Amino acid sequence: MSSDPLPHVYTLTGNLLAERTLEFRHWSPGATQRAERETFQVGGKGINVSKMLNRLGTPNTALCFSGGASGSECETWLRQRGFSYRIFSTSTATRTGTVVRVPGQPDTTFLGVDTPPDAVAVRACAEFLDALPGGNVLAICGSIPGWDETRHEPLRDALARWLSRGCLVADTYGPPLRWLAQQPLDLIKINAGELQTLDPAPAGREPLAALRYVITDGPRAVRLREGIMDERLVVPPTIREVSATGSGDVLLACVLESLFRRRKSLAEAVAFALPYAAANAADPGIAEFADPA
């Protein structure tokens, strides 16, 4: 077994969410209705990944951009729940969202307008990453509004430098995915729909430059590849789905723990992760399910 120190995991949430869940006995559009219960939580893929890493006991730090009153509420939530985090303050207020939950019905989610971080926050994030010691894991999670704009050039440059210093992982979509898919990442985890958004690769080349990939497709088989090995399929457990929200984030957290800290193969990491992701889909929360049998 390697004697190298175990890496610390950093998750970067580029599009933080201050989210409220309103629970109703009955709900329909077009009428004023009073909720029976209201809760607040911080959303965003990287936060979800860190939440599951915390549950696994994996040392990690959640990185995010945050601003305004909604951002302050997010920071309070993270602090009260014992997250290790680093916030890069931005002049733009953190986006808000509302989840409407009714027994026996799928959740309805309303998301506010995406809020790109300002140039000062982006540069602060890039400088923070450059100052970290090598040998750690950085997971880029979710969308990053304004990715193609000049303001994000320092972050793109910092990620390019990270490739020679540590392990870079991506679970994203849109413009960041198109950029990251061309980089020699240590791991990329996306879903089948996101894969279809990428431009076709030139003849004889893979659409993903990553050394390893995991491609999920809802309840269908997961595709994975490690190095030059042939692609293989792994069938997830069959469950009665309640809410698939966050299940991909739970899967990624478990893969990060197994792959980079337990030093398992990707196939072993995915086999470890799938029961947790399935249990999450069978529960209305995120990383709040009972441990799978």
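Quick caveat, the model's predicted, so the values are computed rather than measured.

A. Representation of the overall build of the protein within the structure. A count of helices and strands for the protein gives eight helices and 13 strands. The C-alpha atoms of the protein give a radius of gyration of 19 Å, which matches the 19 Å a tight globule of 293 residues would have. Considering only C-alpha atoms, the protein reaches an extent of 55 × 45 × 40 Å along its principal axes. Expressed as a percentage of the 293 residues in the protein, the buried residues total 50%. By sequence separation, contacts in the protein at least 24 residues apart represent 65% of the contacts at least 6 residues apart. Surface accessibility of the protein: about 13900 Å² in total, with carbon and sulfur atoms responsible for 51%. Side-chain charges of the protein comprise 30 positive and 32 negative groups, with the mean position of each set lying 3 Å from the other.

B. Structural detail: the packing of helix α3 (residues 119-131) against helix α4 (residues 153-162). Axis separation between α3 and α4 bottoms out at 8 Å; the angle between their running directions is 15°. In this view, α3 runs roughly parallel relative to α4, as classed from their interaxial angle. Between α3 and α4 lies a crossing of left-handed hand. Along the contact surface, α3 presents Val122, Arg123, Cys125, Ala126, Leu129 and Asp130, while α4 presents Pro154, Leu155, Ala158, Leu159, Arg161 and Trp162. A per-class count over the contact of α3 with α4 returns nine nonpolar, no polar and three charged.

C. Spotlight on the environment of Glu194. With respect to the secondary-structure elements, Glu194 resides in helix α6 (residues 192-196). You can call Glu194 buried: its relative accessible area is 14%. Considered as a pair, Glu194 and Thr98 are 96 residues apart in the sequence and their alpha carbons are 24 Å apart. Here Glu194 is in contact with Thr172, Tyr173 and Leu177, once residues within four sequence places are set aside.

D. Fine view of the state of the cysteines. Per the stated rule, a full pass over the model turns up zero disulfides. This cysteine, Cys64, is not joined by any disulfide, and Cys74 carries the nearest cysteine sulfur, 7.6 Å off. Overall, Cys64 belongs to the buried group, its relative accessible area being 0%. Of all cysteine sulfurs, the one in Cys141 lies closest to Cys254, which takes part in no disulfide; the gap is 13 Å. On the basis of relative accessibility, which here comes to 0%, the residue Cys254 falls in the buried class.

What counts and what doesn't
Residues numbered from 1 in each chain as written. Predicted model: local features only at pLDDT ≥ 70, side-chain atom pairs only at ≥ 80, totals over all residues. Heavy atoms only, no water. Helix = DSSP H or I, 4+ residues; strand = E, 2+ residues; numbered from the N terminus. Rg over C-alpha atoms; globule rule 2.2 N^0.38 Å. Buried < 20%, exposed > 50% of the residue type's maximum accessible area, 1.4 Å probe, protein only. Contact = heavy atoms within 4.5 Å. Areas by Shrake-Rupley, 256 points an atom, 1.4 Å probe, with all protein chains shown as cover. Lys, Arg positive; Asp, Glu negative; His and termini not counted. Charge placed at Lys NZ, Arg CZ, Asp CG, Glu CD. Axes fitted to C-alpha atoms, helices over the stretch in contact; angles between N-to-C directions. Parallel < 35°, antiparallel > 145°, perpendicular 65-115°, else oblique. Left-handed = near helix turned anticlockwise from the far one by under 90°. Nonpolar A, V, L, I, M, F, W, Y, C, P; charged D, E, K, R; others polar. Disulfide = S-S within 2.5 Å.

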